[in-house]
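Results of the structural survey
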Amino acid sequence: MKTSRFWAWLVFIVGAAYFFIPLIATFEFSLRMRRGAYSFDAYRVVLGDARFQETFAYSVTVAVFTILLGVFLVVPTAYWIRLRMPQLRPVVEFITLLPLVIPAIVIVFGYIRMYGSNSPLPFLGSARGTDALLVIGYATLALPYMYRAVDTGLRTIDVRTLTEAAQILGAGWTTIIARVILPNVLIAVLSGAFLTFAIVIGEFTLASLLNRPAFGPYLQNIGANRAYEPAALAVIAFAITWGCMSVIQILARFAPKSANRPN
């Protein structure tokens, strides 16, 4: 018992060191912008940069629309499959896993070929059309995480009983999904939303090749031309990502426990 506990702690310490030592070194380097002293000058420069503010605001806006699109697509689909078509669940799960094995660069080149200025649907010929394609692309990349979060939430409630009760009271399908199902899986939806937000904030390929002013390309551009600011940006991006993950862990405590009922 003592030996197994020793090895467990050893593995934990090695893993923690592997994770935190580079982060601490990056943070320490980001404080060295002022020669001979530690300071937060790099963070002031980054946060005061107009491009940082513009790109971050753009990515946050795109993330909000991506989350809304993901919820609009995933919640009704996952609900309907669990209620009426459980035999299609393996097929849908396979489809939602495809973004994990299909590189983003394949998606963006497909966009360029299908929606370029010479195509019948020239969405890339306008900024708004390109933004719409970017939102759809991000929703595709986040699909595995959003779908599994919502599906897990649906497993914790008795979907069939809630649906039958709502129908007895005269509710239609839109009302059932919006006012019965969605509030009961809201914690799971928020978990998927924060994962989607973290993906959108740091994504580079789609935004870069579609030439959109997003936060990911800004990070790459600063990293190629500056010294201390990239370290500060890396710490900020890390804080944003882990902030989202922490919120997910907090929300998970309020999620209902599985009722273990067949639906």
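So, here's what we can say about the structure. (Residues numbered from 1 in each chain as written. Predicted model: local features only at pLDDT ≥ 70, side-chain atom pairs only at ≥ 80, totals over all residues. Heavy atoms only, no water.)

**Things to note about the overall build of the chain**
Broken down by element type, the chain carries 12 helices and 0 strands. Here the C-alpha coordinates of the chain stretch approximately 75 × 70 × 30 Å along the principal axes. Excluding contacts between residues fewer than 6 apart, the proportion of contacts in the chain whose partners are at least 24 apart in sequence is 76%. Of the charged side chains in the chain, 21 are positive and 11 negative; the average position of the first set lies 7 Å away from that of the second. (Helix = DSSP H or I, 4+ residues; strand = E, 2+ residues; numbered from the N terminus. Contact = heavy atoms within 4.5 Å. Lys, Arg positive; Asp, Glu negative; His and termini not counted. Charge placed at Lys NZ, Arg CZ, Asp CG, Glu CD.)

**So, the packing of helix H5 (residues 104–115) against helix H6 (residues 127–155)**
Across the interface, H5 lies against H6 with an axial gap of 11 Å and an inter-helix angle of 150°. Between H5 and H6, the interaxial angle falls into the category roughly antiparallel. Crossing angle aside, the handedness with which H5 passes H6 is right-handed. Together, Ala 104, Ile 107, Tyr 111 and Tyr 115 of H5 and Leu 133, Ile 136, Gly 137, Thr 140 and Leu 141 of H6 make up the contact between the two elements. When the residues that make up the contact of H5 with H6 are grouped by side-chain class, the tally is 7 nonpolar, 2 polar and no charged. (Axes fitted to C-alpha atoms, helices over the stretch in contact; angles between N-to-C directions. Parallel < 35°, antiparallel > 145°, perpendicular 65-115°, else oblique. Left-handed = near helix turned anticlockwise from the far one by under 90°. Nonpolar A, V, L, I, M, F, W, Y, C, P; charged D, E, K, R; others polar.)

**Structural notes on the environment of Ala 232**
Tracing the chain through its elements places Ala 232 in helix H12 (residues 228–254). The spacing of Ala 232 and Leu 31 is 201 residues in sequence and 8.1 Å in space, taken between C-alpha atoms. Residues contacting Ala 232, with those up to four places away along its chain left out, are Ser 30, Ala 42, Tyr 43 and Val 46.

**What to know about the packing of aromatic side chains**
If you walk through the whole model with that rule in mind, you get 17 aromatic pairs. Ring geometry for Phe 52 against Phe 215: centres 5.6 Å apart, planes inclined by 75°, an arrangement best described as edge-to-face. Linking Phe 52 in helix H3 (residues 50–83) with Phe 215 in helix H11 (residues 215–225), this pair joins segments that are 163 residues apart in sequence. By relative accessible area, which is 8% here, Phe 52 ends up buried. Of the residues examined, Phe 215 reaches a relative accessible area of 0% and is grouped as buried. Ring centres of Phe 238 and Trp 242 lie 5.8 Å apart, and the angle between their planes is 35°; on these two criteria the pair is classed as tilted. Remark: Trp 242 and Phe 238 occur in helix H12; sequence separation between them is 4 residues, near one turn of the helix. A relative accessible area of 43% means that Trp 242 is categorised as partly exposed. An aromatic cluster of three or more residues is present, and its members are Phe 19, Phe 20, Phe 238 and Trp 242. (Phe/Tyr/Trp six-rings, centres within 6.5 Å; stacked < 30°, edge-to-face > 60°. Buried < 20%, exposed > 50% of the residue type's maximum accessible area, 1.4 Å probe, protein only.)

**What to know about the pattern of salt bridges**
Here the structure, examined in full by the defined rule, presents 8 salt bridges. Here Asp 41 ties to Arg 34 by a salt bridge, and the two come within 3.0 Å at their closest N and O atoms. Note that Arg 212 and Asp 131 form a salt bridge whose closest N and O atoms lie 2.8 Å from each other. Of the two residues, Arg 212 sits in the loop between helix H10 (205–209) and H11 while Asp 131 sits in helix H6, which places them 81 residues apart along the sequence. Classification of Asp 131 as buried rests on a relative accessible area of 13%. In the salt-bridge network here, residues are joined through shared partners; they are Arg 34, Asp 41 and Arg 44. (Salt bridge = Lys/Arg side-chain N within 4 Å of Asp/Glu carboxyl O.)

**Focus: the side chain of Ser 30**
In this structure, Ser 30 sits in helix H1 (residues 2–30). Once residues within four sequence positions are removed from consideration, Ser 30 is found in contact with Ser 39, Ala 42, Tyr 43, Tyr 228, Ala 231 and Ala 232.

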